[in-house]
Amino acid sequence: MSPTHVLLVDDEEVFTRNIAKLLAHRGYRVTAVNSGDAAIRALEEQPFDVLVLDLKMPGLDGIATFREMLKLGLSVETIILTGHGSIDTALEAVKLGAHDYLTKPCEIEELVAKIESAREKGRGKRP
Amino acid sequence: MPIGGYLKKLLRRRAAAPDDAAALRLEFKERYHHFKLLLGANCKALEVMSDIEETLRGERLFGMTFVRAACTSVCVSVFSMVRGLERLAPGKYTALFERFDAIQKDIEEILARPLPPRDPRLVIPLAELNRELTDAAGGKMANLGEIRNRLGLRVPPGFAITTAAAERFFAHRELQTEIDRRLQAAETGRLDALYALSAEIQQMIIRAEIPPEVEEAILQAYAALEAECGHGVKVALRSSALGEDTGENSFAGQYRSELNVGRDTLLTAYREVLASKYGLPAITYRLQRGFRDEDIAMGVGCLAMVPAVAGGVVYSRNPVDPHDARVFINAVWGLPKAVVDGSTACDLFVLSRDDPPELLAAEVREKERKYLCYPEEGVCRLEVSGPERLQPALTREQAVALARVALALERHYGTPQDIEWATDEAGEIVILQCRPLTAKEPPTEAAAPAALEEESLLCRGGVTASPGAGAGPVFVAERAADLLSFPQGAVLVVRQALPRWASLLGRAAAVVAEEGGFAGHLASVAREFGVPALFGLPGAVERLRAAGEVTVDATGRRVVAGRREALLAAQAPRRPLMQGSPVHRLLEEAARRIVPLNLLDPDALEFAPEHCRTLHDITRFIHEKAVLEMFRFGQDHHFSERSSKQLYVEVPMQWWILNLDDGFTEEVEGRYVRLGQIACRPMLAFWRGFTAIPWEGPPAVDGRGMLSVLFQATTNRSLNLGVRSKFAERNYFMIARSFCCLNQRLGFHFATLEALVSERTAENYLSFQFKGGAADFERRMARVHLVAEILEDLGFGVEIREDHLVARIEARPEPDLLKRIEVLGYLALHTRQMDMVMANPTQVEHYRRKYRADIEQLLARGSA
């Protein structure tokens, strides 16, 4: 089976770099981008198994990116990353159809567990 | 059954065509997947709910971060369940979405409750201030205005920089957003992390720009003060925060005061005082007392410096014993700072409440230090020399005048007061601040000093700064770094009763200080937190350093070696600090929409979405229906492979098994499945427990007869008086290899067991519910409590609501949980009908003993 392909979207470059490295160590294929616009472009170019999307970004923020994706019919199981300050928005994202959310700073194991669960859900849909 | 009779039977016989079969298999797989996600969300929701309950009950500290995170987490989980059920039964339970939205909206409103609007002015002169302006000027300045303008007492001239000004400051260039971001990302449970964070935030504030309109308002008000008091007047900047000094809570000493400030340093000093909102003592205090950051708006008082000859604190009653109505005055030379920070001994004057007050006692102490304020050098600490050291800092007349002021203030406010004062060069009394006295009920008379053998006595004497007794290992704190290593439950021993130690009081069993009296900040906070404190014990640090565990009897003014239960017993239990705080109240209110379970009986008419009043109700409803929907699938689609099969055992019992995934060891044809074909480990464990020890009645039967009784109970409809739904007539197992969900109805008893047990320990859980019975309510309750007792001993978390018991245990290794499932199997069989005998205490005891012995036997056996 091909490795799970994760699209990681966060404007904090240090964070994305670290997480991408940690996920790669665990056998994931990771593409990291730093803005909502870049995320949309990446999703239009190729399919991903799981999207990890930060809520708070300059420009197109996480929720706006997610809405845009839905509008364009770009369906992918999504895990929302949120700070404690914007945690209420997590519910909004889940209501829109995101798979789950995670508060930053997060443990890599927690993220991996959620990616796995999202991946499984995605597979359930497209057997 | 939705459709009855011949037609239904005919339909069921028609097997699915092979193409359909492949599609149905796939669809079932997807349904099972949604079901698993739903169960996962259910677990998460219940976990958060019990976390909320525990948080509300206990003494754990929490802030808004916890409240928001918990509410969001439970909402997301419950919403996932609603969505999951929608996937299992599209369009059937849409009313749940509305119920969920309504409840969630309520919770959101509770959490977002705004603070009341305030006076928009940025500065307000003292001459215009009074109590009603507390929200604008903060408690301290509003009080000073009140006593100046309404009581005609002397206070220093000055003005208040309002909370609105501070809000502008923090909003300017999104400073507050940045602070919140850092605070929310921090681990508030760790003192060292808080320490670093506090320093970082304070630096940010000190470097931040003051908005131009605020700067202008402050400088204009200062210019007006110069016009009144003379050019270049030096001022003191003091915090006057909202929520501070409200009687219930004294933020004594948590914030900074800047003395001897001129025009050139005024704005810097303002920032310094604002920054102290994020000082370590203030952050930990808010955390410990359940204040949100936004509950504390920082007003700042700007007051002309008083050239203090003497100063101190006066209490309109004894602060450590409210039954003692005498007036207590503490006095030192120079500024009152030396009394407040506990750095020197002070004179004590005790006066009656008569008019005029009579001086009842005067204890004049050797006052080694004093603080004075010089125009150029600022505040200096001086050694007191010569005869002044032993001279009283107040004359009799001044003491009497001060007592009068204290009594007048108490009358005016209607509660005992704690007043900071100074005398000026003319000998006049000036009030610097006043606030309600935080007094503490003294321990009961039973606490009267018990006789103790001399050799165990480590220290004796000193001043009771906060009454009571506490025991723990001695921890000597000398440097700021010691703040970080202070262990929970230790006895804090320090040289000086400095305010900076206040951040440890939430963890300390008691406090001992070599210097300091009951008038200091540390003493008031100790009283507020209910931490026993004994101050003024010279040499205590060296004497106690290696003493190990000690008992501090602050009321009896002694420290003894070891833990003395007799002394501690008289100590009233400490009230949970968070109770009654704004954050606690918010969580409590939100929890009312989350935690209570009102839907108990799945057969009741009220078991419907529109009767879900809490998120817990929704989870209960969804769980029940999701199980039902999983069972219906095979039947509704006439799909034998995913229909339930009857378990074929020696005697014909009605146990129906639905294989969710890998619950069978092989492909099972037909309508029956044998025990040997079951691969589900939790179900097999349940079965082992269920059949391990024969049921001894009533009626008394042998092993075979027992099963026939069971058979009767499970098949005879006339026994099942409470049964209305077809589903509830039988015993159902839904199984996968490591998962089982059991719905069991034996006669009048209803039990469900859900278990996920695999080598992934963190995900494992076991949930057991038990309800009903044939006897009256009291007897059923008695039985539920006996079952609860047994389960609690096995490490389950147990909750009881009416005769409904819910037990849960999580994250234990597989063998532990399988053993517990065996016990549940045993209980499911053996506790039935014992509700009939629960009114007879001898019988109850008999069963209690029997269960314990049987369970012991069960646990001792191998699990193979």
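Scoring rules and cut-offs
Residues numbered from 1 in each chain as written. Chains lettered and ligands numbered in written order. Predicted model: local features only at pLDDT ≥ 70, side-chain atom pairs only at ≥ 80, totals over all residues. Helix = DSSP H or I, 4+ residues; strand = E, 2+ residues; numbered from the N terminus. Buried ≥ 20, exposed ≤ 12 C-beta atoms within 10 Å, placed from the backbone. Contact = placed C-beta atoms within 7 Å. Axes fitted to C-alpha atoms, helices over the stretch in contact; angles between N-to-C directions. Parallel < 35°, antiparallel > 145°, perpendicular 65-115°, else oblique. Left-handed = near helix turned anticlockwise from the far one by under 90°. Nonpolar A, V, L, I, M, F, W, Y, C, P; charged D, E, K, R; others polar. pLDDT = per-residue confidence, 0-100. Pairing = 2+ DSSP bridges. Core = buried A, V, L, I, M, F, W, Y, C linked by C-beta atoms within 7 Å. Expected span 1.5 Å × (residues − 1).

(A) Molecular detail of the overall build of chain A. Secondary structure summary: chain A contains 5 helices and 5 strands in total. Counting helices and strands in the order they occur from the N terminus, chain A gives β-α-β-α-β-α-β-α-β-α. Taken across its 127 residues, chain A has 38% of its residues classed as buried.

(B) Inspection of the environment of Val823 of chain B at higher detail. Residues and elements named next belong to chain B. Following the sequence through the fold, Val823 ends up in helix H24 (residues 814-830). Val823 sits in the buried class, given 23 other C-beta atoms within 10 Å. Distance in space between the C-alpha atoms of Val823 and Arg688 is 9.1 Å, their sequence separation being 135 residues. In this view, Val823 contacts Gly689, Leu794, Ile855 and Leu858; residues no more than four positions away in its chain are not counted.

(C) Expanded view of the packing of helix H21 (residues 681-692) of chain B against H24 of chain B. Residues and elements named next belong to chain B. It is at 7 Å that the axes of H21 and H24 come closest, and there the two elements cross at 45°. In terms of axis orientation, H21 runs oblique to H24. Crossing hand, H21 versus H24: right-handed. In contact with Arg681, Pro682, Ala685, Phe686, Trp687, Arg688, Gly689, Phe690 and Ala692 of H21, H24 contributes Leu818, Ile821, Glu822, Val823, Leu824, Gly825, Tyr826, Ala828 and Leu829. Across the contact of H21 with H24, the residue classes break down as 13 nonpolar, 2 polar and 3 charged.

(D) Layout of the environment of Leu615 of chain B. Relative to the assigned elements, Leu615 of chain B resides in helix H20 (residues 615-636). Given 29 C-beta atoms within a 10 Å radius, Leu615 of chain B is considered buried.

(E) Representation of the confidence of the model for chain B. Taken over all residues, the pLDDT of chain B has a mean of 81, while the share at 70 or more is 83%. A low-confidence stretch, residues 699-729 of chain B stays under pLDDT 50, and its non-local contacts, those more than four residues away or across chains, total 37 contacts.

(F) Fine view of unusual backbone geometry. Residues and elements named next belong to chain B. The linkage connecting Asp355 with the following residue, Pro356, adopts the cis geometry, with an omega of -5°. For Pro356, the position within the fold is in the loop between strand S8 (347-351) and strand S9 (359-363). The phi dihedral of Glu174 is positive, around 55°, even though this residue is not glycine. Structurally, Glu174 can be placed in the loop between helix H7 (163-171) and helix H8 (175-185). Overall, the presence of 11 C-beta atoms within 10 Å leaves Glu174 in the exposed class. Of note in the backbone geometry, Ala811 takes a positive phi value of approximately 50° without being a glycine. Mapped onto the elements of the fold, Ala811 is located in the loop between strand S30 (804-810) and H24.

(G) Representation of the pairing of strand S29 (residues 797-801) of chain B within the structure. All names here are of chain B. Two elements, S29 and S30, share 5 bridges in a ladder whose sense is antiparallel. Note that in S30 the partner of Glu799 across the bridge is Val806. Counted along the chain from S29 to the antiparallel partner S30, the turn is 2 residues long, and its residue Glu802 has a positive phi close to 50°.

(H) Main features of the confidence of the model for chain A. For chain A, mean pLDDT is 86; residues scoring 70 or higher make up 91% of the total. When pLDDT is averaged over each helix and strand of chain A, the minimum, 80, is found for helix H5 (residues 108-125) of chain A and the maximum, 95, for strand S1 (residues 5-9) of chain A.

(I) Looking closely at the sheet that holds strand S13 (residues 429-436) of chain B. Residues and elements named next belong to chain B. Taking strand neighbours across the sheet as the criterion, the 6 strands line up as S9-S8-S7-S6-S12-S13 in an open arrangement whose pairing is antiparallel. The outermost strands of the open sheet, each flanked by one partner alone, are S9 and S13. Adjacent strand axes in the sheet meet at a mean angle of 15° when their direction is disregarded. Bridge analysis of strand S6 (residues 310-315) against strand S12 (residues 417-423) gives 6 bridges, and the strand direction is antiparallel.

(J) Summary view of the nonpolar core. Residue and element names in this part refer to chain B. With 143 residues, the main nonpolar core has Val491, Leu492 and Val512 as its most contacted residues. Broken down by element, this core gets its largest block of residues, 7 residues, from helix H14 (residues 396-413). Beyond its immediate sequence surroundings of up to four residues, Leu492 is in contact with Phe475, Ala477, Phe486, Trp501, Leu504, Ala508 and Val511.

(K) Layout of the packing of helix H4 (residues 95-111) of chain B against helix H19 (residues 582-592) of chain B. Residues and elements named next belong to chain B. Running from N to C, H4 and H19 point in directions that differ by 175°, and their axes come no closer than 9 Å. With respect to each other, H4 and H19 are oriented roughly antiparallel. Within the contact between the two elements, H4 uses Ile107, Ile110 and Leu111 and H19 uses Leu586, Glu589 and Ala590. Here the contact of H4 with H19 is composed, by residue class, of 5 nonpolar, no polar and 1 charged.

(L) Seen up close, the sheet that holds strand S21 (residues 558-561) of chain B. All names here are of chain B. Taken together, the 8 strands give an open sheet; going across it, the order is S14-S21-S20-S16-S17-S18-S19-S15, and neighbouring strands pair in mixed fashion. This sheet does not close on itself; its edge strands, each paired only once, are strand S14 (457-460) and strand S15 (463-466). Averaged over all pairs of adjacent strands, the angle between their axes in this sheet comes to 30°, without regard to strand direction. Sheet topology places strand S16 (residues 469-476) next to strand S17 (residues 491-496); 3 bridges connect them, and they run parallel. Across the sheet, Phe475 pairs through a bridge with Leu492, a residue of S17.

(M) Expanded view of the environment of Val327 of chain B. Residues and elements named next belong to chain B. By the element assignment, Val327 lies in strand S7 (residues 327-333). The buried category is assigned to Val327, around which 27 C-beta atoms lie within 10 Å. Separated by 33 residues in sequence, Val327 and Leu360 place their C-alpha atoms 9.6 Å apart. Filtering out sequence-adjacent residues up to four positions away, Val327 remains in contact with Val314, Tyr315, Ser316, Leu351, Arg353, Pro357, Ala403, Ala406 and Leu407.

(N) The arrangement of helix H1 (residues 13-25) of chain A in detail. With 13 residues, H1 of chain A should reach 18 Å at 1.5 Å per residue; the first-to-last C-alpha distance of 18 Å fits that figure. Taken from the residues just after H1 of chain A, Gly27 of chain A is the one with a positive phi, measuring 90°.

(O) Looking closely at H21 of chain B. Its 12 residues place the ends of H21 of chain B 16 Å apart at the C-alpha level, agreeing with the 16 Å of an ideal helix rising 1.5 Å per residue. Among the residues of H21 of chain B, those classed as buried are Arg681, Pro682, Met683, Ala685, Phe686, Trp687, Gly689 and Phe690 of chain B.

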